[in-house]
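As a plain string of letters, each chain reads:
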Amino acid sequence: MLDIAVTGVWFGLVFQSTLPHFIQEPEDAYIIKSNPIKLRCRAAPALQIFFKCNGEWVHQNEHFSHEYKDLNTGLKVREVMINVSRQQVEDFHGPEDYWCLCVAWSHLGTSKSRKATVRIAYLRKNFDQDPQGKEVPINGMIVLHCRPPEGVPVAEVQWLRNEEVVNSMNDDNIDTRADHNLIINEARLSDSGNYTCLASNIVAKRRSATAAVIVFVNGGWSLWTEWSACNVPCGRGIQKRSRTCTNPAPLNGGAFCEGMSVQKITCNALCPIDGGWDEWSVWTVCSNQCERQRSRECNSPAPRHRGKMCEGNAEASENCTDGLCTQNRKLLHDVKPQSMDSSTDVALYSGLGAGIVAVAILVVAVMLYRKNHSDYGVDVIDSSALAGGFQSFNFKTTRQGNPLLLNSSIQPDLTVGRTYTTPLCFQDGADKELFDPLPDIKVKVQSSFMVSLGVAERAEFHAKAPAETFPRDLSRDYCGTVDRRKKGLLTLNGPTIASREQLRTTGMFGHPGGRLVVPNTGVSLLVPHGAVAENMSWEMYMVINQGEASVQTLEGCEILLGPEVMYGPPGLDLLCPVALTIAHCAEVDAENWNIQLKRKNSDSKWEEVMSVEEESTCCYCLMDTKSCHLLLDRPGSYALVGEPLTQAAVKRLKLAVFGSMDAGSVSYSLRVYCVDDTPHAFQGVVAAERTRGGQLLEEPKTLLFLANTFSLQVSIQDVPQFLWSIKPFTTCQEFSFPQVWCSNQQPLHCAFSLERYSPATAQLSCKISVRQVKGHEQILQVYTAVAETEKESLPFFMQTDCTITSQTGSKAFKIPQSIRQRICATFDTANAKGKDWQLLAQKLHLDRNLGYFAKQHSPSAVILSLWEARHQDSADLDSLASALEEIGKIHSRSSPRDEDEPELQAEDVAPEYTG
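Only a predicted model underlies this, so the values are computations on that prediction, with no experimental measurement involved.

1. Here we look at the overall build of the chain
The helix and strand tally for the chain stands at 15 helices and 53 strands. Burial status across the chain gives 43% buried among its 915 residues. Total accessible area computed for the chain in this model is approximately 48,200 Å², and 52% of it derives from carbon and sulfur atoms.

Spelled out as C-alpha cells, the structure:
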C-alpha cells in the first residue's frame, strides 16, 4: 500500500510539472436539420479549458465544465462541452468552414487541441446523371453510369436490381468502381432487369430513375434435317429439308434468323415395273399318274423398283388320258374324294354360326343406339330422312313436370327479335332473289320405335371408338361418306335451290389503285397503288360462285372452308400482286388441318396452288383467325380447301333461330339454322328468312364442330306446357355428321311447330339446345312476343354504308401515298443499320415466306399492301406507327443517325395518335 501511494505521488508531481495533455479532442460534426451538435474537450493537468471558434473565444457562460480526479494518476481531469447551433454555422461567412478548438492552461503554459469543423449536412434531390436503359446481346458488356446528387457528407452509392442489392463482392463478373458506375463484363440472361442507383448519407436517401436492361439473344439456325423422301412414287417430284431458328431461339427481342427455313430440290423417283409372264413351256411327257405339267417364269419383264409380282400360277398340270386313266380299278372321274362329306358338314355349320353372330351384333347395336340417345328422354329424328324444307308438327300433347309459365307482369323486350348487331346488311333489290321461298313439308312420325329403327342408316356415324387420325379407320368411313355426300346420295335438310344468282361486283381501276368489296360476305380485293400502269385502266370484277360445281370436283376428305371467289378479267396484266381476302370457318391448327389454296384450271378442275403451312414464291397466304389474305398475280377462281388430319380438327358453325306466326292459325314456327361461320354463308339464311317474314329471336352464336364423325342434335326445351303444345317425339332432331361437315357454305335447318292452347297467349319462352354428340353445345334462349296481326318484320340488321362495292384512289387506302413512298424508300434498300424490308416484315408480324417478298420489285410496297388487307376493318394506323417507332428506337441505340439521312418517324404515319 505504501508503494502504491508513493508511486501516485510521484506521477502527480511529474504531471503537475508538464503542459496540459488532451485526453479527448473535439471531433468534426454535421448538423442534421435543426439539431445542435456538442463539442467536447478533456485535458489533464488543466486549471482552465476554453473553446475558441473561428478565432474568437466562446463566452464563459456557454461552457459546461466539470472536474474529477483520475484514480490511476491521482490528477485532476477537466472536461468542457459547448453547443453549436445551425444558426451559428449559417451566420458565419468565412473563407473556411466553421471551426472550433480547445485551449487548456496549467502552471507551465497552454496547449491547443486540433481544429474540429462543423458543417450543415444535406443531400440534394436530383441526380447529376441517371442511368440509362440498354439492350445488349448476350455476353456483351453492360456499363451503367450514375452520378449521385451533391451532398454533405458525400453520398455513398449502391446499385439495386429488381429492388435487390447488387453485391460485387460475391460476383466476379460485376464491378462497381469508385466513380459509381456499374460494369457487367459479360452479360447473362439473369442480368436482365430494372436497375436503380441508390445514393445515401446521414441526412437522406435518393433513388435514381429506373434503367431497364434487356439482354437479348439473336436467333441461330439449327442443323438441316435429312432430305425427305421424294413426294411422288414415280417420276419427277420434290424433296425438301428444313431447319428451325432454335440454335438458339431468339429471345427478348433478338433478331430472327435470316435466310430460308425450308429448302427444296427436284428428285426423280424410279417408276415401279410390274412383272410379266414368259410363254408357257411345252407339256411334259404323260407320267404314270396320268398327268403332264408345264411352267412359266415371271421375266417378261421381271418386277423392279417395287413393282408387283406376276399374278397367277407359275406351274400348271392336266390329265393326259382324257379321263380314262384308272385308279384302284375304277375310272378316275368316278372316284369320290374322301373329304367331300366332311367338308360339306363344315360349310353348313359355319354358315349357321355366322348367321347367329350377325343377329347378335344387330341386337346389340340397336340397344346401344337407344341408350346413347336416352339422355334427352325423347326419340331422335334423323333430319337426313326428311326430304328437305322445314318440318311442321300440328297436334297437341301434355307433359308431366313443372311447367315454365310466363309472368304477365314482365314486359317482353320486343327488340330481341328485331335487331342483329353483326356487321351484315343487304341491298333491297338483289338480296330478295338470292333464295327461293322455302316450302313447308309435313312429316308423319309413326312411333318412337319406328324412328329408332333408323339406327342402321346412321351406324357409320356412331362408331365404337373414333380413331386418333383419319388415315386409319376414319379414312374409310369418313371419306367414303363424304364422297357419297358430294355425289348427292345424302340429302341435305336445307333449302333446295336449283339456281342461285351470282354475287358480282365491278369497278374501273387505274394507276391510283383501289378496292373491290362484295358487301356482307367477308370477301374483298385490294388493287395496290401502281399495280396498273400509268395512262391505263382496267375494268375489274369479282364474283362469288354459289353453285354446287365446286363441291363435286373436290377430292377425298376435302371441304370448302369459304366461298369460291373469282376475279378478272382473264388477260389482266398488273405490275404487282393484288390482295384477295376471303373469310373462312376453320379453327386454324397445323396439327389438325391440312389447308390448301386451290385454283380452277381450264378444265374446271381444282389444282393445288400451295399449302398454307409451306413457303412458296408463286403466291402468299396469310391465315388469320377468321380470314385468309392472299397475294396473287394471276386472275382466276380460287378457294380455300381443308382436309382434317385428326378428329380434333374444328369447323366453326353459326347458329341462329328465327320465328314467325302462321297466318290464320294458332301455330308458331321456330326455325333453327346451322351454317358455316362465314358472312357469305349466313347471307343465305338472311335472304331465305326475308322471303318468309321471319324474325331473328336470339343473337347468333358460334359452335365448334369437331371432326369426330358424330352427329349434331337440335332439341327444344322448357316449353310452357300449359300454354303451348308440341307433337310427341319431335322435340329433338338430328343432322348426320356428313351433312354438317360437308355443308360447304350451304345452310342446314330444322323446324319446330308449336301450337298455343289459347289465342290470348302472346308470349313464348323456351330454349334451343344445339349439341354435337361427344362434342360442344350451345343454348339459344328464345323470349319473344307473338301476334297474328303482325305482318311486317323489322330488319334483322342495322348498318349504314353497306352498299359500297368499289373505291378508287386514296380513299381506298389507310396509308397516305406520301407516307407509303417514304416507307418504301427507307426499307427497300439495305443499309449499314440493317433497316431493310425484312425488319419491317418482322415488326408487322409478316415475317414468314420471306422468299416471296424478296422476288418483288418493291418488297416494302407488297408488305404494306398485305398490311392494308389485313387491317381494312381497323379504324387507325396504330400498329404500323408502333412498328416504325420500335424500329427507330432500335437503330437510334445501335448507331448515330447521319445528319443528311431523312428519318421516318411514327408521328409521320399517324400524327393524330401520337404525342
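2. Topic: the environment of Ala212
Tracing the backbone through its elements, the reader meets Ala212 in strand 21 (residues 211-216). With relative accessibility at 39%, the residue Ala212 sits in the partly exposed group. A C-alpha to C-alpha distance of 4.5 Å links Ala212 and Gly133, two positions 79 residues apart in sequence.

3. Topic: the pattern of salt bridges
Taken as a whole and assessed by the stated rule, the structure comprises 25 salt bridges. Salt-bridge contacts for Asp677 lead to Lys654; the nearest nitrogen and oxygen are separated by 3.5 Å. Of the two residues, Asp677 sits in the loop between strand 44 (667-676) and helix 8 (679-692) while Lys654 sits in strand 43 (residues 650-661), which places them 23 residues apart along the sequence. Residue classification places Asp677 among the buried positions, given a relative accessible area of 9%. Shared partners join several salt bridges into a network, and the residues in it are Arg161, Asp171, Arg188 and Asp191.

4. Details of the nonpolar core
With 71 residues, the main nonpolar core has Leu670, Phe752 and Ile768 as its most contacted residues. Residue contacts for Ile768: discarding those within four places in its chain leaves Val657, Leu670, Val672, Val714, Ser715, Ile716, Phe752, Gln778, Ile779, Leu780 and Val782. By size, the runner-up hydrophobic cluster in this structure holds 33 residues, among which are Tyr620, Ile823, Trp837 and Leu844.

5. Examining the sheet that holds strand 6 (residues 64-69)
Sheet architecture is open: four strands sit in the order 1-3-7-6, paired in antiparallel fashion. This sheet does not close on itself; its edge strands, each paired only once, are strand 1 (21-24) and strand 6. Sheet twist, expressed as the mean angle between neighbouring strand axes with direction ignored, is 25°. Sheet topology note: the strand 1/strand 3 (residues 37-44) ladder contains three bridges and is antiparallel. Within strand 3, the position partnered with Phe22 by the bridge is Ala43.

6. Points about helix 8
A turn of α-helix holds 3.6 residues, and therefore any two residues three or four places apart point the same way. Between its first and last C-alpha atoms helix 8 spans 20 Å; for 14 residues at 1.5 Å apiece the expected length is 20 Å, and the two agree. Among the 14 residues in helix 8, ten count as buried, and that is most of the element. Of the positions making up helix 8, those classed as buried are His680, Ala681, Phe682, Gln683, Gly684, Val685, Val686, Ala687, Ala688 and Glu689. Immediately downstream of helix 8, the backbone of Gly693 shows phi near 70°, a positive value.

7. Observations regarding helix 13 (residues 859-870)
In this model, helix 13 (twelve residues) spans 17 Å end to end at C-alpha, consistent with the 16 Å of a helix rising 1.5 Å per residue. Most of helix 13 is tucked away, with eleven of its twelve residues classed as buried. Taken as a whole, helix 13 has its buried residues at Pro859, Ser860, Ala861, Val862, Ile863, Leu864, Ser865, Leu866, Trp867, Glu868 and Ala869.

8. Here we look at the packing of helix 10 (residues 817-827) against helix 13
Contact geometry of helix 10 with helix 13 gives a least axis separation of 8 Å together with a crossing angle of 135°. Considering their axes alone, helix 10 and helix 13 lie oblique with respect to each other. The two elements helix 10 and helix 13 meet at a crossing, and its hand is right-handed. In this structure, helix 10 uses Arg820, Ile823, Cys824 and Phe827 to contact helix 13, whose residues at the interface are Ser860, Ala861, Leu864 and Ser865.

9. Here we look at the state of the cysteines
Per the counting criterion, the structure on display carries eight disulfides. What pairs with Cys146 in a disulfide is Cys197, and their sulfur atoms sit 2.0 Å apart. When the S-S torsion is -80°, as for the bridge of Cys146 with Cys197, the disulfide is left-handed. With Cys146 in the loop between strand 13 (142-144) and strand 14 (151-152) and Cys197 in strand 19 (residues 193-200), this pair connects stretches of sequence that are 51 residues apart. Of the two residues, Cys146 and Cys197, both sit in the buried class. Cys286 shares a disulfide with Cys320; S-S distance 1.7 Å. Note on the Cys286 and Cys320 pair: the S-S dihedral is about 50°, so by sign convention the disulfide is right-handed. Residue Cys286 is found in the loop between strand 23 (262-269) and strand 24 (291-295), and its partner Cys320 is found in the loop between strand 25 (315-319) and strand 26 (326-327); the two are separated by 34 residues along the sequence. We classify Cys286 as partly exposed; its relative accessible area is 35%. According to the relative accessible area criterion, Cys320 is partly exposed, its value standing at 25%. Here Cys628 stays free of any disulfide, with the sulfur of Cys621 as its closest cysteine sulfur at 3.4 Å.

10. Notes on the side chain of Ser715
For Ser715, the location among the structural elements is in strand 47 (residues 712-717). Using a relative accessible area of 3% as the deciding quantity, one classes Ser715 as buried. Within the local environment of Ser715, its side chain forms a polar contact with the side chain of Gln717, the two groups lying 3.3 Å apart.

11. Considerations on unusual backbone geometry
Only a minority of non-glycine residues have a phi that is not negative, and only a minority of peptide bonds are not trans. Note that the residue after Asn247, namely Pro248, is joined by a cis bond; omega there is -5°. Among the structural elements, Pro248 can be located in the loop between strand 22 (235-242) and strand 23. Even without glycine at this site, Asn535 takes up a positive phi of about 65°. For Asn535, the position within the fold is in the loop between strand 33 (523-527) and strand 34 (538-545). Among the residues examined, Asn535 registers a relative accessible area of 81% and is labelled exposed. One non-glycine residue, Thr709, lies in positive phi territory at about 70°. Within the fold, Thr709 resides in the loop between strand 46 (701-706) and strand 47.

12. Here we look at the packing of aromatic side chains
The description of an aromatic ring pair rests on the distance of the ring centres and on the angle between the ring planes. For the coordinates displayed, the defined rule picks out 14 aromatic pairs. Residues Phe737 and Trp741 carry aromatic rings whose centres are separated by 5.7 Å and whose planes lie at 15° to one another, so their mutual orientation is stacked. Of this pair, Phe737 and Trp741 both sit in helix 9 (residues 737-741), four residues apart, which is roughly one turn of the helix. Of the residues examined, Phe737 reaches a relative accessible area of 2% and is grouped as buried. Exposure remark for Trp741: the relative accessible area of 0% places this residue in the buried category. A centroid spacing of 6.1 Å and a plane angle of 75° characterise the contact between Tyr852 and Phe853, whose relative ring orientation is edge-to-face. Summarising the burial analysis for this pair, Tyr852 and Phe853 share the class buried.

13. Quick look at the pairing of strand 36 (residues 564-568)
Most of strand 36 is tucked away, with four of its five residues classed as buried. With five bridges joining them, strand 34 and strand 36 adopt antiparallel strand pairing. Among the inter-strand pairings, Val543 is bridged to a residue of strand 36, identified as Met566. One ladder, built from three bridges, connects strand 36 with strand 42 (residues 636-644); its direction is antiparallel. Looking across to strand 42, one finds that Tyr567 is bridged to Gly636.

Rules behind the numbers
Residues numbered from 1 in each chain as written. Predicted model: local features only at pLDDT ≥ 70, side-chain atom pairs only at ≥ 80, totals over all residues. Heavy atoms only, no water. Helix = DSSP H or I, 4+ residues; strand = E, 2+ residues; numbered from the N terminus. Buried < 20%, exposed > 50% of the residue type's maximum accessible area, 1.4 Å probe, protein only. Areas by Shrake-Rupley, 256 points an atom, 1.4 Å probe, with all protein chains shown as cover. Salt bridge = Lys/Arg side-chain N within 4 Å of Asp/Glu carboxyl O. Core = buried A, V, L, I, M, F, W, Y, C linked by side-chain atoms within 4.5 Å. Contact = heavy atoms within 4.5 Å. Pairing = 2+ DSSP bridges. Axes fitted to C-alpha atoms, helices over the stretch in contact; angles between N-to-C directions. Expected span 1.5 Å × (residues − 1). Parallel < 35°, antiparallel > 145°, perpendicular 65-115°, else oblique. Left-handed = near helix turned anticlockwise from the far one by under 90°. Disulfide = S-S within 2.5 Å. Polar contact = N/O pair within 3.5 Å; in protein donor to acceptor, adjacent residues only side chain to side chain. Phe/Tyr/Trp six-rings, centres within 6.5 Å; stacked < 30°, edge-to-face > 60°.

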